[in-house]
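Residue-level structural notes
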Amino acid sequence: MPDRRLVLSSLCLPVVLSLSSPAWSQAAAYPDRAPRLVVGFPPGTGPDVVARTVGQRLGELLKQSVVIDNRAGAGGQIAAQAVAKSAADGYTLLLGEVGSIAIAPAAYGKLPYQPARELAPIAELVRSDFVLVVPPASPARDLKGLLDSARAAPAGVNFATFGAGTPGHFGAVVLAEQAGFKVEPVHYRATGDALTALIAGDVQAAFVSTALAVPQIKAGKLRALATTAGTRAPQLPEVPTFAEAGWPRIDFTAWFMLFAPADAPPAVLDTLSRQAVAAMQTPELRQKLQDAGFTLVGGGRAEAEKRVRSETERWAAIVKATGFKGD
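Calculation criteria
- Residues numbered from 1 in each chain as written.
- Predicted model: local features only at pLDDT ≥ 70, side-chain atom pairs only at ≥ 80, totals over all residues.
- Heavy atoms only, no water.
- Helix = DSSP H or I, 4+ residues; strand = E, 2+ residues; numbered from the N terminus.
- Buried < 20%, exposed > 50% of the residue type's maximum accessible area, 1.4 Å probe, protein only.
- Contact = heavy atoms within 4.5 Å.
- Areas by Shrake-Rupley, 256 points an atom, 1.4 Å probe, with all protein chains shown as cover.
- Lys, Arg positive; Asp, Glu negative; His and termini not counted.
- Charge placed at Lys NZ, Arg CZ, Asp CG, Glu CD.
- Pairing = 2+ DSSP bridges.
- Core = buried A, V, L, I, M, F, W, Y, C linked by side-chain atoms within 4.5 Å.
- Expected span 1.5 Å × (residues − 1).
- Axes fitted to C-alpha atoms, helices over the stretch in contact; angles between N-to-C directions.
- Parallel < 35°, antiparallel > 145°, perpendicular 65-115°, else oblique.
- Left-handed = near helix turned anticlockwise from the far one by under 90°.
- Nonpolar A, V, L, I, M, F, W, Y, C, P; charged D, E, K, R; others polar.
- pLDDT = per-residue confidence, 0-100.
- Phe/Tyr/Trp six-rings, centres within 6.5 Å; stacked < 30°, edge-to-face > 60°.
- Lys NZ or Arg CZ within 6 Å of the ring centre and 35° of its normal.

1. Description of the overall build of the protein
Helix and strand content of the protein: 13 helices and ten strands. By its C-alpha atoms, the protein is 95 × 40 × 30 Å across when sized along the principal axes. Here the protein holds 327 residues, and 53% of them are scored as buried. Considering only contacts within the protein whose residues lie at least 6 apart along the sequence, 79% involve residues at least 24 apart. Of the roughly 14900 Å² of accessible surface on the protein, 55% is carried by carbon and sulfur atoms. Treating the 32 positive side-chain charges of the protein as one cloud and the 28 negative ones as another, the clouds have centres 1 Å apart.

2. Observations regarding the pairing of strand β7 (residues 205-209)
Counting buried positions along β7 gives five out of five residues, so the element sits mostly inside the fold. Of the two faces of β7, the one holding Ala205, Phe207 and Ser209 and the one holding Ala206 and Val208 are both buried throughout. Here strand β4 (residues 119-134) pairs with β7 via four bridges, running antiparallel. Directly across from Leu132, in β7, lies its bridge partner Phe207. In this sheet, β7 lies alongside strand β5 (residues 157-161) in parallel orientation, the contact comprising two bridges.

3. Regarding the nonpolar core
Formed by 84 residues in total, the largest nonpolar core has its most connected members in Leu132, Phe159, Leu175, Phe181 and Phe207. The greatest single-element share of this core, amounting to nine residues, is contributed by β4. Excluding anything up to four places from it in sequence, Phe207 contacts Phe130, Val131, Leu132, Phe159, Gly168, Gly171, Ala172, Leu175, Thr228, Phe242, Ile250 and Phe252. Counting 20 residues, the second largest nonpolar core, distinct from the first, contains Leu195, Leu212, Val214 and Ala224.

4. Topic: the environment of Val67
Positionally, Val67 belongs in strand β2 (residues 67-70). With 24 residues separating them along the chain, Val67 and Tyr91 place their C-alpha atoms 10.0 Å apart. Excluding anything up to four places from it in sequence, Val67 contacts Ala34, Pro35, Arg36 and Leu37.

5. Let's talk about helix α8 (residues 167-179)
Between its terminal C-alpha atoms α8 stretches 18 Å, which fits the 18 Å expected from 13 residues at 1.5 Å a residue. Most of α8 sits out of view: eleven of its 13 residues are buried. Listed as buried for α8 are Pro167, Gly168, His169, Phe170, Gly171, Ala172, Val173, Val174, Leu175, Ala176 and Ala179. Trailing α8 by a residue or two, Gly180 shows a phi angle of about 80°, which is positive.

6. Concerning the packing of helix α3 (residues 46-62) against helix α11 (residues 266-279)
Across the interface, α3 lies against α11 with an axial gap of 9 Å and an inter-helix angle of 120°. Between α3 and α11, the crossing angle belongs to the class labelled oblique. Viewed along their axes, α3 and α11 form a crossing whose handedness is right-handed. Two secondary-structure elements touch here, α3 through Arg57, Leu58, Leu61 and Leu62 and α11 through Thr271, Leu272, Gln275, Ala276, Ala278 and Ala279. Considering only residue class, the contact of α3 with α11 consists of seven nonpolar, two polar and one charged.

7. Topic: the confidence of the model for the protein
For the protein, per-residue confidence averages 90 on the pLDDT scale, and 91% of positions sit at 70 or higher. Per-residue pLDDT stays below 50 along residues 4-21; that stretch engages in five contacts with residues further than four places along the chain or on separate chains.

8. Remarks on the environment of Gln56
Here Gln56 lies in helix α3. On the accessibility criterion, Gln56 (54% relative accessible area) is exposed. Spatially, the C-alpha atom of Gln56 lies 31 Å from that of Leu111, the residues being 55 residues apart in sequence.

9. Here's the deal with α3
With 17 residues, α3 should cover 24 Å at 1.5 Å per step; its first-to-last C-alpha distance of 24 Å lies within 8% of that length. Every buried residue of α3 is accounted for by Gly46, Pro47, Asp48, Val50, Ala51, Thr53, Val54, Gly55, Leu58, Gly59 and Leu62. Positive phi appears at Lys63, one or two residues downstream of α3, with a value of about 60°.

10. With respect to the packing of aromatic side chains
Applying the stated rule across the entire model yields ten aromatic pairs. An aromatic cluster is present here, built from Tyr108, Phe130, Phe159, Phe170, Phe207, Phe242, Phe252, Trp315 and Phe324 joined pairwise through their rings. Directly above the ring of Tyr91 sits Arg33, whose terminal nitrogen or CZ lies 3.7 Å from the centroid. The ring of Trp315 carries the charged tip of Arg314 above its face, separated from the ring centre by 5.8 Å.

11. Comments concerning unusual backbone geometry
Leaving glycine out, the prevailing phi sign among residues is negative, and the prevailing peptide bond configuration is trans. A cis amide bond links Tyr30 with the next residue in sequence, Pro31, at an omega value of -10°. Structurally, the position occupied by Pro31 is in the loop between α2 (22-29) and β1 (36-39). For Lys63, which is not glycine, the phi dihedral falls at a positive 60°. Given a relative accessible area of 71%, Lys63 falls into the exposed group. The residue Ala74 is not glycine, and still its phi comes out positive at about 55°.

Following this line, the structure appears as structure tokens:
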């Protein structure tokens, strides 16, 4: 008759091996050092504000400091690529946004990373609508005035963008197609350069995220004509929406989510998602981000994954309709 102790020992052996596997041990100990949050935009910009505000609270909940790593350029693609190709251990995270995640796959045939396969959505943090703005010296006092002058201009209108293939770029193209005028996108490598050119009147208009535009509008450096929101922005109650002005199809939004490499342990992704959602419930954090011009979301993994899928499909159709080819 077999030794009962040996039978029990053999039955327990798979469990012991499972609990001692590297993936399980890593997830159980996570985090045992400071995670790094990569941001595709410079310090002081809206995305950087989101990263630092959420990162601070997330670090408190994880009991590890979250280090912010600004890797600006290519409309956020440099940062997205860096995280997509990093170790899948949950210690390199991305503040991903609509341009580098949902638009770039359709706009660039040779994109050096594949968001759908290489990046896992963890939590949707905030959204920010866009404002159509002009320089303070512009003769356009409202949207109708800009569109009338644009239609009458043989050479068209120069729109500043924060890079080819970004929401502001396609927003300008779609508006021009619908309103019947010629547009010439002027792509800038840096957000600051685009704003400087716009304020100086070197370009005639731009779509700028609400979070980035509000301080400039309040300071009198830019004039707001319309917003892409479904309702008027709380920070700009006097500015009509495109829908109110008769252009309901101009309705796009910037969003910012937390991502990790797709092969990170599920338990690590769950931990990050749970703590990110908890961080977004902090009253002080919510107030700071609202004051900065953002709409709070705080959705978990399932909501974030659904949002990325739907937005990727939507922007693919828009990119196809414009005929844009980034490479």
